[in-house]
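Residue-level listing of the chains:
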Amino acid sequence: MPLDRFGRDINYLRISLTDKCNLRCVYCMPENMTFRPRQELLQDDEILRLVRIFAEIGFHKIRLTGGEPTIRANVVEIVRGIAETPGIKTVAMTTNGLMLDKLAQPLADAGLSRVNVSIDTLNPEKFNKITRWGQVEDVWRGLDAAEKAGLGIKLNGVVVRDYNDKEDVVDLARLTLFRPWQIRFIEMMPFGEVTDFQQAGTVSEEELKATISAALGELAVVDNGRLDGEARLYKLPNSVGTLGFISSVTQPFCASCTRARLTADGRLRLCLLREKEVNIMDPLRAGASDEELIDILREGIYWKPWGHKLSEDIIPLNRVMSELGG
Ligand code: SAM
């Protein structure tokens, strides 16, 4: 079991399959983003080898993200290889959903169990503007396909002040009245080159809950307030789904953090909001043995930072979110 120096059991790996995306959400990456050449990214066999090694040291949950994981060539085969790795219990994916109409069934057949689909508003014009060119109908098609394929579904909405923090969050929350989904509202986090915009736009959990309950009724705490992953769950009266609030900025959940991230260029990122990374790619490509890689991973995990230092104005500047995967 990989423990860090604070005794946290780190067993959940989020792998970024690519830094590229077929959208350009304004809070996620600059419009003129340059992407890494393919040879600088972990290759399929390198990903599968690392997953096997992570599983050997006790990781059992994998989430694929990006960039946009569904635009990676061979994504279905990568999912299959991960799902078949001894020790891996769940494989999930965070996606914008645009490719799910074609990929949901093959991904489910390959062993994917859940998708978290990002959608910040149901309003077609606003969706188009925040993603710089996306069509919300394409996400709906993807969601229908995911439901048909039997995948578990959660929706992720990043909340941006004066953009989607009023009627849009209410419309998203209303979905839980007739869909058994978890709709999660994510506080916008500051990263890299888009920091000023992000900090001005963060909306706190308390504000959001007040907006939603004024429109749709009192929110009841689910499960005595126990965190579901990183989300605090609530329910609207007579709803079939739940609402989750992920308040990484105003109410961080560092004490219960179990995760590490593998970037598309093969760095182990120990905390989303801290710059510290361990280079795995170089030893991997220099021919390190499994035992040597295990030592590097264990050492990196041991020194995982406790959590973010946004209140001290320490903001991660070395990467934007699209390179980290959320
Ligand atoms: N392309 C996929 C998607 O759209 O879900 C996966 C990658 S995306 C970086 C993962 C998640 O990070 C999305 O839900 C996205 O909305 C969220 N995200 C991006 N930038 C963010 C920011 N600055 N603060 C909080 N969440 C952010």
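Caption draft 1: Region of the structure containing the overall build of the protein chain. What the protein chain contains, in helices and strands, is 10 helices and 13 strands. Relative to the 2.2 N^0.38 estimate, which gives 20 Å for 326 residues, the radius of gyration of the protein chain is 19 Å and therefore close to what a compact globule would have. Seen along its three principal axes, the alpha-carbon backbone of the protein chain occupies a region of about 60 × 45 × 40 Å. Looking at the protein chain alone, contacts between residues at least 24 apart form 74% of all its contacts between residues at least 6 apart. For the protein chain, the computed accessible surface area is about 13,600 Å², with 51% contributed by carbon and sulfur atoms. Measuring between centres, the 42 positive side-chain charges of the protein chain sit 2 Å from its 47 negative side-chain charges.

Caption draft 2: Region of the structure containing a negative patch on the surface. A contiguous patch of negative charge on the surface is contributed by Glu291, Glu292, Asp295 and Glu299. Mapped onto the fold, Asp295 is located in helix α10 (residues 290–302).

Caption draft 3: A look at the site of the ligand. What surrounds the ligand is a group of 20 residues, the closest being Gly67, Glu68, Ser118, Val158 and Met189. Interatomic distance of 2.9 Å between a backbone N/O atom of Gly67 and a nitrogen atom of the ligand. Note that an oxygen atom of the ligand is positioned 2.5 Å from one of the side-chain N or O atoms of Ser118. Burial of the ligand by the surrounding chains reaches 95%, relative to a free accessible area of 550 Å². Elements that contribute at least two residues to the shell around the ligand include exactly β3 (90–95), β5 (152–159) and β6 (182–187). The residue inventory of the shell around the ligand, partitioned by class, reads eight nonpolar, 10 polar and two charged.

Caption draft 4: Structural context of the nonpolar core. With 79 residues, the main nonpolar core has Ile15, Phe185 and Ile212 as its most contacted residues. Tallying contributions element by element places helix α1 (residues 44–56) first for this core, with six residues. Ignoring any residue separated from it by four or fewer positions in sequence, one finds Ile212 in contact with Val169, Val170, Ala173, Phe185, Gly217, Leu219, Leu236, Leu243 and Phe245. Among the nonpolar cores identified, the runner-up in size contains 23 residues, and Val160, Tyr163, Ile186 and Phe191 belong to it.

Caption draft 5: The pairing of strand β4 (residues 114–118), seen in detail. Across four bridges, the pairing between β3 and β4 is parallel. Bridge assignment links Ala92 to a residue of β4, and that residue is Arg114. For the handedness criterion, the β-α-β arrangement of β3, helix α3 (residues 100–110) and β4 is classed as right-handed. Relative to β5, β4 is paired through five bridges, and the arrangement is parallel. Bridging across to β5, Val117 finds its partner in Leu155.

Cut-off values and rules
- Residues numbered from 1 in each chain as written.
- Predicted model: local features only at pLDDT ≥ 70, side-chain atom pairs only at ≥ 80, totals over all residues.
- Heavy atoms only, no water.
- Helix = DSSP H or I, 4+ residues; strand = E, 2+ residues; numbered from the N terminus.
- Rg over C-alpha atoms; globule rule 2.2 N^0.38 Å.
- Contact = heavy atoms within 4.5 Å.
- Areas by Shrake-Rupley, 256 points an atom, 1.4 Å probe, with all protein chains shown as cover.
- Lys, Arg positive; Asp, Glu negative; His and termini not counted.
- Charge placed at Lys NZ, Arg CZ, Asp CG, Glu CD.
- Patch = residues over 30% accessible without salt bridge, like charges linked within 9 Å, V, L, I, M, F, W, Y side chains within 5 Å.
- Salt bridge = Lys/Arg side-chain N within 4 Å of Asp/Glu carboxyl O.
- Near = heavy atom within 4 Å.
- Polar contact = N/O pair within 3.5 Å; in protein donor to acceptor, adjacent residues only side chain to side chain.
- Nonpolar A, V, L, I, M, F, W, Y, C, P; charged D, E, K, R; others polar.
- Core = buried A, V, L, I, M, F, W, Y, C linked by side-chain atoms within 4.5 Å.
- Buried < 20%, exposed > 50% of the residue type's maximum accessible area, 1.4 Å probe, protein only.
- Pairing = 2+ DSSP bridges.
- Right-handed = clockwise from strand over helix to strand, strands pointing away.

Everything listed is a geometric property; what it means functionally is a separate question.
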